[in-house]
Amino acid sequence: MITEIFEQLGLSPNEAKIYEALVTRGESTISDVAVAAKVHRRNAYDAMNRLIDKGLCFQIFSTRENHYNAVDPDKLVELLAEKQRRLLSILPDLKKKFVSRVAPEEAYIFRGYEGQKNIWRDILRVGHEVCNIGAKAQWFDENLAPTRQAFFDEANRKKIRFNLLFDHEIRLQMPDFAKTYPAKLFEYRYLPKEYSTNSIANIFGDYVVTYTGVKVAKMQEDTAFFVIHSKDLAESYRKWFWYMWAQSKK
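For every chain, the first residue of the written sequence is number 1, and numbering continues from 1 along that sequence. Where local features are concerned, this predicted model is filtered to residues with pLDDT of at least 70; where side-chain atom pairs are given and counted, the filter is 80 or more; whole-chain, interface and lining totals use all residues. No hydrogens and no water enter the side-chain calculation; it runs on all heavy atoms of the structure.

**Details of the overall build of the protein**
Threshold: Segments assigned H or I by DSSP are reported as helices when at least four residues long, segments assigned E as strands when at least two residues long, and all are numbered from the N terminus. All radius of gyration figures rest on C-alpha atoms, and the globule criterion is 2.2 Å times the number of residues raised to 0.38. Only protein chains enter the accessibility calculation, which uses a 1.4 Å probe. A residue is then buried if its area is under 20% of the maximum for its type, exposed if over 50%, and partly exposed in between. The contact criterion used is simple: two residues touch if any of their non-hydrogen atoms lie within 4.5 Å. Methods summary: accessible areas were calculated by the Shrake-Rupley approach with a probe of 1.4 Å, and residue burial reflects only the protein chains presented. Positive: Lys, Arg. Negative: Asp, Glu. His and the chain ends are not part of the count. For charged residues, the charge sits on one atom: NZ in Lys, CZ in Arg, CG in Asp, CD in Glu.
Each helix and strand counted, the protein has 10 helices and 10 strands in total. Taking 18 Å as the expected radius of gyration for a compact globule of 250 residues, we find that the protein reaches 25 Å, considerably beyond that expectation. In terms of principal-axis extent, the alpha carbons of the protein reach across some 85 × 45 × 30 Å. Taking all 250 residues of the protein together, 38% fall into the buried category. In the protein, once contacts between residues fewer than 6 apart in sequence are set aside, the share between residues at least 24 apart is 67%. Accessible surface computed for the protein: about 14,900 Å², of which carbon and sulfur atoms make up 53%. Averaging the coordinates of the 38 positive side-chain charges in the protein and doing the same for the 33 negative ones gives two points 4 Å apart.

**What about the environment of glutamate 221?**
Looking at the element boundaries, glutamate 221 is found in the loop between strand E9 (207–212) and strand E10 (224–229). Each residue touching glutamate 221, except ones within four places of it in the same chain, is listed here: Gly112 and Tyr113.

**Notes on helix H5 (residues 74–101)**
The α-helix winds at 3.6 residues per turn, so residues separated by three or four positions along the chain end up facing the same way. The condition that has to hold: The span you would expect from a helix comes to 1.5 Å times its residue count less one. Bend, at a single residue, is the angle you get between axes fitted to the 7 residues ending at that residue and the 7 residues starting at it.
Along its 28 residues, H5 runs 40 Å from first to last C-alpha, staying within 8% of the 40 Å computed at 1.5 Å per residue. Of all the bends in H5, the greatest reaches close to 40 degrees and is centred on leucine 91; the proline proline 92 follows between one and four positions later.

**Examining the packing of aromatic side chains**
Put simply, the test is: Here is the rule: rings of Phe, Tyr and Trp (six-membered ring for Trp) pair when centre to centre is within 6.5 Å. Planes less than 30 degrees apart are stacked, more than 60 are edge-to-face, and the remainder are tilted. Working rule: Lys NZ or Arg CZ, within 6 Å of ring centre, within 35 degrees of ring normal, means a charge sits over the ring.
In this structure the tally under the stated criterion is 25 aromatic pairs. Arranged with centres 5.1 Å apart and planes meeting at 10 degrees, the rings of tryptophan 120 and phenylalanine 151 form a pair that is stacked. Placement of tryptophan 120 in helix H6 (residues 112–126) and of phenylalanine 151 in helix H7 (residues 145–157) is noted, with a sequence separation of 31 residues between them. Residues tryptophan 242 and tryptophan 245 carry aromatic rings whose centres are separated by 5.6 Å and whose planes lie at 75 degrees to one another, so their mutual orientation is edge-to-face. With a gap of 3 residues between them, tryptophan 242 and tryptophan 245 both fall in helix H10 (residues 231–247), about one helical turn apart. Residue classification places tryptophan 245 among the buried residues on the basis of a relative accessible area of 7%. Among the aromatic residues, those joined into a ring-pair cluster are Trp120, Trp139, Phe140, Phe151, Phe152, Phe162, Phe166, Tyr181, Phe186, Tyr188 and Tyr190. Above the plane of the ring of tyrosine 190 lies arginine 171, whose end atom (NZ or CZ) is 4.1 Å from the centre.

**Considerations on the nonpolar core**
For soluble globular proteins, nonpolar side chains are generally found buried alongside one another. For the record, the criterion: Buried residues of nine kinds, namely Ala, Val, Leu, Ile, Met, Phe, Trp, Tyr and Cys, make up a nonpolar core once their side-chain atoms join them within 4.5 Å.
Grouped together as the largest cluster of nonpolar side chains are 34 residues, with contacts concentrated most on Ile119, Ile123, Trp139, Phe151, Phe162, Tyr181 and Phe204. Going through the elements one at a time, H6, strand E5 (130–135), H7, strand E6 (162–166), strand E8 (199–204), E9 and E10 are the ones with two or more residues in this core. Considering each element in turn, this core owes the most residues, 6 residues, to H6. Residues Ala21, Ile30, Ala47 and Tyr68 belong to the second largest nonpolar core, which totals 21 residues.

**Quick look at the environment of glutamate 20**
Relative to the helices and strands, glutamate 20 resides in helix H2 (residues 13–25). Sequence separation between glutamate 20 and alanine 155 is 135 residues, and the spatial gap between their C-alpha atoms is 39 Å. If we skip the residues at most four places from it in the chain, glutamate 20 touches Ile2, Thr3 and Phe6.

**Observations concerning a nonpolar patch on the surface**
The condition that has to hold: Exposure above 30% relative accessible area and no salt bridge define the residues that can form patches, which grow by joining like charges within 9 Å and nonpolar side chains of Val, Leu, Ile, Met, Phe, Trp and Tyr within 5 Å. By definition here, a salt bridge exists when the distance from a side-chain nitrogen of Lys or Arg to a carboxyl oxygen of Asp or Glu is within 4 Å.
On the surface, a nonpolar cluster with roughly 420 Å² of combined accessible area is contributed by Leu87, Leu88, Ile90, Leu91 and Leu94. Secondary-structure assignment places isoleucine 90 in helix H5.

**So, the pairing of strand E3 (residues 67–70)**
Which entries qualify depends on this criterion: A pair of strands is treated as paired once DSSP finds two or more bridges between them.
Sheet topology places strand E1 (residues 28–29) next to E3; 2 bridges connect them, and they run antiparallel. Along E3, the bridge assignment pairs serine 28 with tyrosine 68. As judged from the 4 bridges shared by strand E2 (residues 57–60) and E3, these two strands associate in the antiparallel manner. The partner of phenylalanine 58 across the bridge, within E3, is asparagine 69. Between E2 and E3, which follow one another and run antiparallel, lie 6 residues.

Listed below in structure tokens is the structure:
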């Protein structure tokens, strides 16, 4: 698991294994660390040189065989901060290009948990109230926990309102849901039992997002989000939403 995190920070598989071995063993020869990391000796040399270039390891010269050691792991945080700094330097220009190229009408698909995170980013970017038909508290899937809190913190800061038409099952399976819902501005009602489905429709701004295969507080890993960007269609869905809202129980 540690090695996987190193790779996500930009280290190659061999670099990650070598660095972890050095952090664990301390000062070592290339032969010893190659065996500990289960990396071929020739590949270990290449990985070690790249780690030295990145400032994560250093060489200790000797009259016999040179030794190597890892620098303090805090260096990884510095590397991450540097990556973030470089990204932030180009982000304003990227956002301008993104906004300018958004078509007045388009349709596309997101998938899985990362797809849900993309939807959250769109909600925050648009900044308008959210209307949800067939809500199932699927955002409370445990796999979304770290990102979910950050989303609601920012949504609360932007004062985004959530209007939720829940399926009947929420009333039975999560009776105290409203007491723990993290949005500060929200109102909810329940659809009649006979209209429960495994699908959901979200409307915000000029966007309509529909998806299926959802259970109470649980998404599927391969859930497909069908995103439609259309002002006219979003307005139509919103009218249908408010009609259903008026027919549903408080």
